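Breakdown of the fold
Residue-level listing of the chains:
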Amino acid sequence: MRKKECIAMLLAGGQGSRLGSLTRNIAKPAVSFAGKYRIIDFSLSNCTHSNIDTVGVLTQYKPFVLNSYIGKGSAWDLNCLNGGVHILPPFLGENQGSWYKGTANAIYQNIDFINFYNPEYILILSGDHIYQMDYYDMLTFHKQAQAEVTLSTIAVPWEEASRFGVMTTDESGRISEFAEKPVHPQSNLASMGVYIFNWEVLKEALWEDEADVNSEKDFGKNVIPRLLQQGKRIYSYLFHGYWRDVGTIESYYNANMEVLREEKIDKFFELKQRIFSNEEILAPHYIGAEAKIQDSLIGNGCTILGEVHHSIISAGVYVGEGSFIEDSILLPNAEVHKNVRLWKTILGENATVQDDCCIGVEGEDEPAQEGITVIGDHLQIPRGAVIGEGKNVTKDDVRKEGGQ
Amino acid sequence: MSSAIGIISANMNSSVLQGLAQERPIAAVPFGGRYRLLDFALSSMVNSGIRTVGLVTPQQYRPMLDHLGAGKDWSLDRKSGGLFILPGAIHSLGHYDIRFSLKDIALNIEFLEKDCARNVIISSSDHVFNADFRPIIDHHDQVEADVTLVYNQSDRPFEREDLIYLRGKEDGRITGLGKNCEMSGPDTPCKYFIDLFIIRRELLLQMIEGYRSVENIELIEIIAQHLGELKVHGYFFGGYVGRIHSVSDYFQSNLALLREEIRKDLFINTQPIRTKIRDNPPAKYGKKAQVKNSLISSGCTIEGTVENTILSRGIVIEEGCEIQNCIIMSKCVIGKGSKLQNVILDKFVAVNEGNVLQGQVNQPLVISKKAII
């Protein structure tokens with residue numbers, strides 16, 4: 001095997017439990033975004049545009065949709081000779097092997113895979129952020145600074161800094177301190193979860209981490225603090241572009257709505273950094289004679305017969321006559337029958353809302369999750385149901401309702 | 001199903017579509033928002049399990065190859081079989097009406113010789129349909145036909161100059177072919193050929209051998225001449241078929257997609273029509289958008305009023321526009337306050353602010369590619 005300069009390892013095994021019923025059946029990187037994409041499209045497309053042609057995707061939690069979506073990577077032009085996309089689930093060996101116990105352990109268990117390509121550098125990505133970034137620029141920085149580790153960082157508002165791993169740097173960008181979710185942050189430089197390591201340095205660090213019984217086998221909590229302690233040359237690469245964390249219902253909803261509000265979507269399509277996706281080939285969408293659509297995004301294959309305001313409608317969605325949808329996100333292949341009202345609702349993939357339902361109805365109490373209602377994928381909301389705002393509707397809820 | 005390979009004939013007279021097919025073969029004329037005409041025949045073949053398809057190209061085939069690439073979007077980029085480009089003959093004016101030229105196929109005889117499939121399914125590239133060929137091929141083999149001609153029928157007389165009509169016996173055997181609608185006989189529905197047929201590969205090779213000395217001849221004509229010796233059967237298709245043989249056909253067949261039953265037949269209750277994927281973002285509707293009864297493709301930005309219209313990818317409709325009964329191809333920009341009615345805009349047309357363009361329902365106005373108005 002010819003030596004590769006840099007390969008990417010994409011951590012896509014997390015459950016993303018803070019996305020509630022959206023990740024009941026699929027892994028977080030497979031969750032739909034902005035009516036067209038899945039979250040993992042952003043990292044994979046960034047790899048393609050950064051000339052990184054070998055990507056290991058580490059999967060563990062409910063991987064089926066993710067695996068079939070990625071396929072051999074051809075949708076992102078990653079089906080190349082000598083590289084390409086490799087799905088890496090946990091596996092057994094002669095005397096070891098187990099579930100991935102943490103981000104660092106997941107990489108540790110695939111040391112053989114990485115050695116096969118024998119790269120100089122290794123890029124660690126998490127498949128759950130929305131951003132457009134050229135990793136090649138970061139790699140150039142890494143080489144110029146003669147760093148052993150480079151963390152990509154972004155300036156976040158001071159009041160939010162304590163939600164992230166934040167770092168303090170000197171003038172050259174070398175990191176002197178790293179604190180995971182500090183109560184009193186010393187800096188507002190947050191880690192984006194994008195790391196470049198010299199492979200030799202990382203390999204050694206992974207062995208050490210594996211040997212440490214007290215370690216949680218996590219990059220942010222264990223590996224990077226230990227390397228910092230050892231005085232390794234760790235640098236911060238300050239990123240100025242668009243980057244959104246979509247780890248919670250609120251941030252997921254707001255990032256989607258931001259796409260609608262601003263011109264972000266045009267950026268996703270800019271030729272140089274176009275975000276690719278593995279879409280199903282569907283016909284153009286049909287807008288009915290009585291329909292009304294304003295301030296919205298509508299995907300391919302939809303049939304819209306009702307009213308849609310300030311909403312994102314993903315591919316293959318059906319909205320029946322007399323229905324009214326506002327401030328909502330409908331995920332692929334969701335179905336809304338007749339005379340339904342939806343306010344500020346995220347309707348899961350393949351979910352069905354039957355006639356005359358009202359979802360996202362204002363209640364008297366202060367609603368949870370900013371009043372966003374979430375209907376899990378594949379759920380069937382029976383005719384005439386009324387669901388209050390801020391609810392997270394799961395399969396169990398629907399079953400209970402049916403039993404009453 | 002027994003094995004079959006496909007041939008799509010795209011080397012045909014394109015002058016019937018005037019400006020729309022001036023710089024491109026009919027096969028590559030954009031249709032239905034995101035497709036090109038040949039997508040329908042090609043997707044039907046792929047969806048029917050046909051893994052080897054030869055495409056007979058006319059001279060100006062760049063737009064076609066640009067669209068097809070290596071056939072990846074139809075999963076025709078294969079180790080065995082796949083998409084084959086068969087350069088067609090250069091036809092003289094006298095042969096303008098030939099649709100399935102034997103010479104086109106004879107020039108590419110290796111394509112037929114090196115495969116061992118029993119049948120060849122041959123389709124035109126100017127028909128809009130979504131067909132499953134498997135039952136047709138099964139039927140062809142079951143009755144041990146040499147040729148199966150696929151037709152649709154109409155209870156009322158259905159006269160078109162460009163159609164071939166069939167007369168058949170009750171057992172499905174075809175006994176006559178003609179240019180006249182009464183051909184099918186009294187008290188029977190009028191059967192018209194939809195430019196789609198299956199022929200035994202060995203027989204096709206024999207025909208090429210037998211007609212070697214003839215300069216150019218229509219394949220259907222050969223079949224018509226040999227109805228006595230050959231076992232020629234008919235097969236009733238029954239699904240929607242849009243025949244694009246004039247600008248008016250093109251206009252009406254596009255608008256027909258606004259009818260639910262036709263969309264169901266072509267797109268919804270069936271296998272997908274595949275096309276080149278461009279990864280456009282979803283269409284964006286502004287705060288003043290008013291869209292009714294229209295088919296809208298991805299990448300469009302709409303701020304104005306759109307009615308009974310087909311929009312291709314990446315079109316910008318600015319504020320105050322009124323678009324009615326139009327077919328607009330990709331990347332057009334319609335400036336503020338423009339009014340368009342019964343108009344076909346080819347790709348990359350820019351209509352400046354406040355313009356008024358008006359065609360007739362039976363004679364739409366065609367604006368050619370890259371025009372600035």
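For the structure, see preceding data.
A few points on the structure. (Residues numbered from 1 in each chain as written. Chains lettered and ligands numbered in written order. Predicted model: local features only at pLDDT ≥ 70, side-chain atom pairs only at ≥ 80, totals over all residues. Heavy atoms only, no water.)

1. A closer look at the overall build of chain B
For chain B, the helix and strand inventory stands at nine helices and 28 strands. Taking 373 residues into account, the globule formula puts the C-alpha radius of gyration at 21 Å, and chain B, at 21 Å, falls close to it. Seen through its C-alpha atoms, chain B measures out along the principal axes to roughly 65 × 50 × 40 Å. Restricting to contacts in chain B with at least 6 residues of sequence separation, those with at least 24 account for 58%. Accessible surface, chain B as shown: approximately 15,100 Å² in total, 47% of it carbon and sulfur. Between the averaged position of the 42 positive side-chain charges in chain B and that of its 43 negative side-chain charges there is a distance of 7 Å. (Helix = DSSP H or I, 4+ residues; strand = E, 2+ residues; numbered from the N terminus. Rg over C-alpha atoms; globule rule 2.2 N^0.38 Å. Contact = heavy atoms within 4.5 Å. Areas by Shrake-Rupley, 256 points an atom, 1.4 Å probe, with all protein chains shown as cover. Lys, Arg positive; Asp, Glu negative; His and termini not counted. Charge placed at Lys NZ, Arg CZ, Asp CG, Glu CD.)

2. With respect to the sheet that holds strand β19 (residues 310-311) of chain B
Strand pairing in a sheet relies on backbone hydrogen bonds. The paired strands run either parallel or antiparallel. Spatial ordering of the open sheet is given by β29(A)-β26(A)-β23(A)-β20(A)-β17(A)-β14(A)-β16(B)-β19(B)-β22(B)-β25(B)-β28(B), a layout of 11 strands whose pairing is mixed. Taken across any chain shown, the strands that pair with only one partner, and hence form the sheet edges, are β29 (380-381) of chain A together with β28 (365-367) of chain B. (Pairing = 2+ DSSP bridges.)

3. Observations concerning the packing of helix α6 (residues 199-211) of chain A against helix α7 (residues 219-229) of chain A
Residue and element names in this part refer to chain A. Between α6 and α7, the least distance of the axes is 10 Å, while the angle of their chain directions is 115°. In terms of orientation, α6 lies roughly perpendicular with respect to α7. As α6 packs across α7, the resulting crossing turns out to be right-handed. Contacts from Val201, Leu202, Ala205, Glu208 and Asp209 of α6 reach α7 at Phe219, Asn222, Val223, Arg226 and Leu227. Of the residues assigned to the contact of α6 with α7, the class counts are six nonpolar, one polar and three charged. (Axes fitted to C-alpha atoms, helices over the stretch in contact; angles between N-to-C directions. Parallel < 35°, antiparallel > 145°, perpendicular 65-115°, else oblique. Left-handed = near helix turned anticlockwise from the far one by under 90°. Nonpolar A, V, L, I, M, F, W, Y, C, P; charged D, E, K, R; others polar.)

4. A look at the environment of glutamate 250 of chain A
Residues and elements named next belong to chain A. As for its placement among the helices and strands, glutamate 250 is situated in helix α8 (residues 249-261). Counting along the chain gives 232 residues from glutamate 250 to arginine 18, while the straight-line C-alpha distance between them is 9.7 Å. Excluding residues that lie within four positions of it along the chain, glutamate 250 makes contacts with Gln369, Glu370 and Ile372.

5. Examining the pattern of salt bridges
Residues and elements named next belong to chain B. The full count for this structure, using the stated rule, is 35 salt bridges over all chains. The shortest N-O distance in the salt bridge between aspartate 66 and lysine 276 comes to 3.7 Å. Of this pair, aspartate 66 sits in helix α2 (residues 62-68) while lysine 276 sits in the loop between α9 (260-268) and β14 (283-285), and the two are 210 residues apart along the sequence. A salt bridge links aspartate 132 to arginine 134; its shortest N-O distance comes to 3.1 Å. One network of salt bridges, in which partners are shared, links Arg99, Asp126, Arg160, Asp162, Asp195, Arg243 and Asp249. (Salt bridge = Lys/Arg side-chain N within 4 Å of Asp/Glu carboxyl O.)

6. Points about the nonpolar core
Core analysis: the largest hydrophobic core is formed by 69 residues, its most contacted members being Phe33, Leu123, Leu125, Tyr135, Tyr252, Phe268 and Ile346 of chain A. In terms of residue count, α8 of chain A provides more of this core than any other element does, seven residues in total. With near-sequence residues (within four places) excluded, leucine 125 of chain A lies in contact with Ala8, Met9, Leu10, Leu11, Ser43, Cys47, Tyr131, Tyr135, Gly193 and Val194 of chain A. Counting residues in each nonpolar core, the second largest holds 52 residues, with Cys302 and Ile313 of chain A together with Cys326 and Leu340 of chain B among its members. (Core = buried A, V, L, I, M, F, W, Y, C linked by side-chain atoms within 4.5 Å. Buried < 20%, exposed > 50% of the residue type's maximum accessible area, 1.4 Å probe, protein only.)

7. Some points on the interface of chain A and chain B
Taken together, the contact pairs 38 residues of chain A with 35 residues of chain B. Interface area for chain A against chain B, summed over the two sides, is near 2,900 Å², with a carbon-plus-sulfur share of 50%. When residues of chain A are sorted by the area they lose upon contact with chain B, Ile281, Pro284 and Tyr286 of chain A head the list and together hold 24% of the total. Linking chain A to chain B there are four salt bridges. Between lysine 287 of chain B and aspartate 295 of chain A there is a salt bridge whose closest N-O contact spans 3.8 Å. Taken together, the elements giving at least two residues each to the side of chain A that touches chain B come down to α8, β14 (285-287), β15 (292-294) and β16 (296-298) of chain A. When the residues that make up the side of chain A that touches chain B are grouped by side-chain class, the tally is 20 nonpolar, nine polar and nine charged. Strand direction decides the pairing type here: β16 of chain A and β14 of chain B, joined by three bridges, are antiparallel. Bridging across to β14 of chain B, serine 296 of chain A finds its partner in tyrosine 285 of chain B. (Buried area = accessible area lost by both parts, 1.4 Å probe.)

8. Quick notes on the sheet that holds strand β27 (residues 356-358) of chain B
Residue and element names in this part refer to chain B. Here we have five strands laid out as an open sheet, ordered β15-β18-β21-β24-β27, and parallel in their pairing. At either end of the open sheet lies a strand with only one pairing partner, and these are β15 (290-292) and β27. Neighbour-to-neighbour, the strand axes of the sheet open up by a mean angle of 5°, direction not taken into account. The pairing of strand β21 (residues 322-324) with strand β24 (residues 339-341) spans three bridges and is classified as parallel. Counterpart to isoleucine 323 in the pairing with β24 is leucine 340.

9. So, the packing of aromatic side chains
For the structure on display, the rule yields 24 aromatic pairs over all chains. Ring geometry for phenylalanine 129 of chain B and phenylalanine 237 of chain B: centres 6.5 Å apart, planes at 75°, overall edge-to-face. Linking phenylalanine 129 of chain B in the loop between β7 (127-128) and α5 (134-142) with phenylalanine 237 of chain B in the loop between β12 (232-236) and β13 (242-243), this pair joins segments that are 108 residues apart in sequence. Note on phenylalanine 158 of chain B and tyrosine 192 of chain B: the rings are 4.9 Å apart at their centroids and 40° apart in plane angle, and the pair reads as tilted. Linking phenylalanine 158 of chain B in the loop between β8 (147-154) and β9 (165-168) with tyrosine 192 of chain B in strand β11 (residues 190-200), this pair joins segments that are 34 residues apart in sequence. A residue is classified by how much of its surface remains accessible, and phenylalanine 158 of chain B, at 30% relative accessible area, is partly exposed. Clustering of aromatic rings is evident, with ring pairs tying together Phe31, Tyr35, Phe40, Tyr250 and Phe267 of chain B. When the ring centre of tyrosine 69 of chain A is taken as reference, the NZ or CZ atom of arginine 38 of chain A above it lies at 5.3 Å. For the cation-ring pair, arginine 263 of chain B lies above tyrosine 286 of chain A, with the distance from its terminal atom to the ring centre recorded as 3.6 Å. (Phe/Tyr/Trp six-rings, centres within 6.5 Å; stacked < 30°, edge-to-face > 60°. Lys NZ or Arg CZ within 6 Å of the ring centre and 35° of its normal.)

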